[in-house]
Amino acid sequence: MLKHIARMSVWLVLSVGATSQAQTKPIEKAIEYYPEIEPFRTGFLKVSDTHEIYYELCGNPEGIPVMTLHGGPGGGSSPNLRRYHDPKKYLIVLHDQRGAGKSKPYAELRDNNTKALVEDIEKLRVDLKLGRVQLFGGSWGSTLALAYAERYPENVHSLVLRGIFTAMKDEIDHFYHGGTGVYFPEVYEKLKAIIPQPETKNYPKQLLDLIRGKDEAKGKEAARVWAAYETKCAGIGITDAEVENILKGWDPHSFSLIENYYMANNCFLDEGQLLRESGRLSGIPTAIVHGRYDVICPPSTAYRLHKALPQSRLIWVEAAGHSGGAPPVVSALIEGVKWVEPRIKKIKS
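In what follows, the accompanying structure is described. (Residues numbered from 1 in each chain as written. Predicted model: local features only at pLDDT ≥ 70, side-chain atom pairs only at ≥ 80, totals over all residues. Heavy atoms only, no water.)

### Considerations on the pattern of salt bridges
Logical step 1: Using the criterion set out here, one finds 17 salt bridges in the structure.
Logical step 2: Across the pair lysine 205 and aspartate 209 runs a salt bridge whose closest N-O atoms are separated by 2.8 Å. Taken together, the residues span about one helical turn, with lysine 205 and aspartate 209 both in helix α5 (residues 203–211) at a distance of four residues.
Logical step 3: A residue is classified by how much of its surface remains accessible, and lysine 205, at 41% relative accessible area, is partly exposed.
Logical step 4: For aspartate 209, a relative accessible area of 37% gives the class partly exposed.
Logical step 5: Each of the salt bridges in this network shares a partner with another, and the network as a whole consists of Glu38, Glu56 and Arg82. (Salt bridge = Lys/Arg side-chain N within 4 Å of Asp/Glu carboxyl O. Helix = DSSP H or I, 4+ residues; strand = E, 2+ residues; numbered from the N terminus. Buried < 20%, exposed > 50% of the residue type's maximum accessible area, 1.4 Å probe, protein only.)

### Looking at the packing of aromatic side chains
Logical step 1: Counted according to the given criterion, the structure contains 16 aromatic pairs.
Logical step 2: For the pair phenylalanine 44 and tyrosine 54, a centre-to-centre distance of 5.6 Å together with 65° between the ring planes defines the contact as edge-to-face. Taken together, the residues phenylalanine 44 in strand β3 (residues 41–46) and tyrosine 54 in strand β4 (residues 52–59) connect sequence positions ten residues apart.
Logical step 3: Taking the centre distance of 6.3 Å and the plane angle of 45° together, the rings of tyrosine 188 and tyrosine 229 count as tilted. You can see tyrosine 188 sitting in helix α4 (residues 185–193) and its partner tyrosine 229 sitting in helix α6 (residues 216–234), a full 41 residues away along the chain. By the burial criterion, tyrosine 188 is buried, and tyrosine 229 matches it.
Logical step 4: Taken together, the ring pairs connect Phe175, Tyr176, Tyr188, Tyr203, Trp226 and Tyr229 into an aromatic cluster. (Phe/Tyr/Trp six-rings, centres within 6.5 Å; stacked < 30°, edge-to-face > 60°.)

### Re α4
Logical step 1: Of all the residues in α4, the buried ones are Val187, Tyr188 and Leu191. An end-on view of α4 places all buried positions within 95° of arc, on one side of the element. Exposed residues lying more than 90 degrees from the buried face of α4 are Lys190 and Ala193.
Logical step 2: The elements touched by buried residues of α4 are α3 (169–176), α5 and α6. (Arc of directions from axis to C-beta. Contact = heavy atoms within 4.5 Å.)

### What to know about the packing of α6 against helix α7 (residues 240–248)
Logical step 1: For the pair α6 and α7, the least separation of the axes is 10 Å and the interaxial angle reads 130°. Comparing their axes, α7 and α6 come out oblique. As for how α6 packs across α7, the hand of that crossing is right-handed. Packed against α6, whose contacting residues are Arg224, Ala227, Ala228, Thr231 and Lys232, the element α7 presents Asp240, Val243, Glu244, Ile246 and Leu247 at the interface.
Logical step 2: In terms of residue class, the contact of α6 with α7 is made up of five nonpolar, one polar and four charged. (Axes fitted to C-alpha atoms, helices over the stretch in contact; angles between N-to-C directions. Parallel < 35°, antiparallel > 145°, perpendicular 65-115°, else oblique. Left-handed = near helix turned anticlockwise from the far one by under 90°. Nonpolar A, V, L, I, M, F, W, Y, C, P; charged D, E, K, R; others polar.)

What follows is the structure, given as structure tokens:
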């Protein structure tokens, strides 16, 4: 799911320890993004007969390896994803998942599923000789990070997650079938208006059919309406004019196609799988960042995950929604990175 910038001047972060009481504290000075950086290496890795994934390496070639996972599915990486880690300390690895961003073929759905994306992370980690890594991901990136870490816990030294999404039916239904409409009724009505049979409550499948259908004009309209819906719901204070400005400079086809394809297939995960298998993450320090007013991924999901991971730290961002680019969320994520850093040394091989 997308990252957007929201402007906020006053905000609070609330940290919840696994065994301690919650304490609320004002943050007197926001922690800003690290300076803009460029990759020192880029490339493509062939991961199947069909797919090649684009990747880039940034920061310190000898630094602590972190694999940053973008949202969506289908969102693609962005330059700001390089800026949550100190480039002097970290080797920052970004890649575009199958069909997304610069990966090839563009918008390809064949052989595109969660298991394949997990194995792509592993293939890239091995190809780059990274050893144990930190996984850093928000929204769908948090889903994929959990799926990989539960499959390969021995390869992960820490997790920093934002906007938790565990792909359970209640989460998908909330996003598609009215939960967001409580807060954005006029935006939700626009989404419902393009659904052929809104009473059936299978919006991911219907949107997918529209986007990949024979009527190209309707497909483009559905992709745009979906992207506008998610963009508006992602931030606090984002105006309709700002949504339109974002859409002017962006072709949302791949994003809308791939995201709805995954949601129509329950993200290719068994119901409750990620929470059920969370015990495999025992011993991995995990920072969880979640906006208190996230209407896309309900805060209750972050709390459920935190309760399932005794060694996690949950950071509530009080004046934020879903956007990973909102200033208070940026600050909280960098704080989360700093929190896990000393704990990495204790488990690093």
